[in-house]
Amino acid sequence: MRVLERAQEFGEVGAGLQIAPNCTRILDRWGLLGEITSLGVLPENIVMKDAVDGSVLTRLDLHDVERRYGFPYMVIHRSDLHGTLLRACREAGWTWSPTWR
């Protein structure tokens, strides 16, 4: 597993991330999906709105995503995902250095 991050240290940076089933499948393969799911949210739908007047353009129902694709769609804070990945790397004996640019 390799974590690439531009920040000099991990912490409270950024906002929420949307994680599609193709990514939660990988997190499951790494044994991290349970922890990630406990930290994130499994939304029931996604609502897309007009940027000018706020009217609803479309609503995507997410109730069937896990049955259809085998893994869930979720939303998680960036620092929670980073923390889980960093802990898993450390437990695997990997080290981190902020030398990547």
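Keep in mind it's a predicted model, so treat the numbers as computed, not measured. (Residues numbered from 1 in each chain as written. Predicted model: local features only at pLDDT ≥ 70, side-chain atom pairs only at ≥ 80, totals over all residues. Heavy atoms only, no water.)

Positionally, V75 belongs in strand β4 (residues 74-77). The class for V75 is partly exposed, based on a relative accessible area of 30%. A sequence separation of 39 residues divides V75 from I36, and the C-alpha atoms of the two residues are 9.6 Å apart. Not counting the four nearest positions on each side in its chain, V75 is found in contact with L17, Q18, G40, V41 and P43. (Helix = DSSP H or I, 4+ residues; strand = E, 2+ residues; numbered from the N terminus. Buried < 20%, exposed > 50% of the residue type's maximum accessible area, 1.4 Å probe, protein only. Contact = heavy atoms within 4.5 Å.)

Here the focus is helix α4 (residues 78-91). Taking 1.5 Å of rise per residue, 14 residues should cover 20 Å, and α4 covers 20 Å from first to last C-alpha, within 8% of that figure. Burial in α4 covers these residues: S79, L81, H82, T84, L85, L86, A88 and C89. Two residues or fewer after α4 comes G93, characterised by a positive phi angle close to 90°. (Expected span 1.5 Å × (residues − 1).)

Residues lying three or four places apart along an α-helix face the same way, a consequence of the helix completing one turn every 3.6 residues. Of all the positions in helix α1 (residues 21-29), only P21, T24 and L27 are classed as buried. The buried residues of α1 occupy an angular sector of 110° when the element is viewed end-on, so they sit on one face. In α1, the exposed positions that point more than 90 degrees away from the buried face belong to N22 and R29. Check the buried side of α1 and you find it contacts β1 (16-19), α2 (33-39), α3 (65-69), β4 and α4. Just past α1, the residue G31 takes up positive phi, approximately 80°. (Arc of directions from axis to C-beta.)

Moving on to the environment of D53. With respect to the helices, strands and loops of the structure, D53 is situated in the loop between β2 (45-49) and β3 (56-61). Its relative accessible area of 55% is what places D53 among the exposed residues. Among the polar contacts listed, one links the side chain of D53 to the side chain of S55, at a separation of 2.8 Å. (Polar contact = N/O pair within 3.5 Å; in protein donor to acceptor, adjacent residues only side chain to side chain.)

Let us look at the environment of G31. Position of G31 among the secondary structure elements: in the loop between α1 and α2. In sequence terms G31 and A88 are 57 residues apart; their C-alpha atoms lie 9.2 Å from each other.

Coordinates in, geometry out; function isn't part of it.
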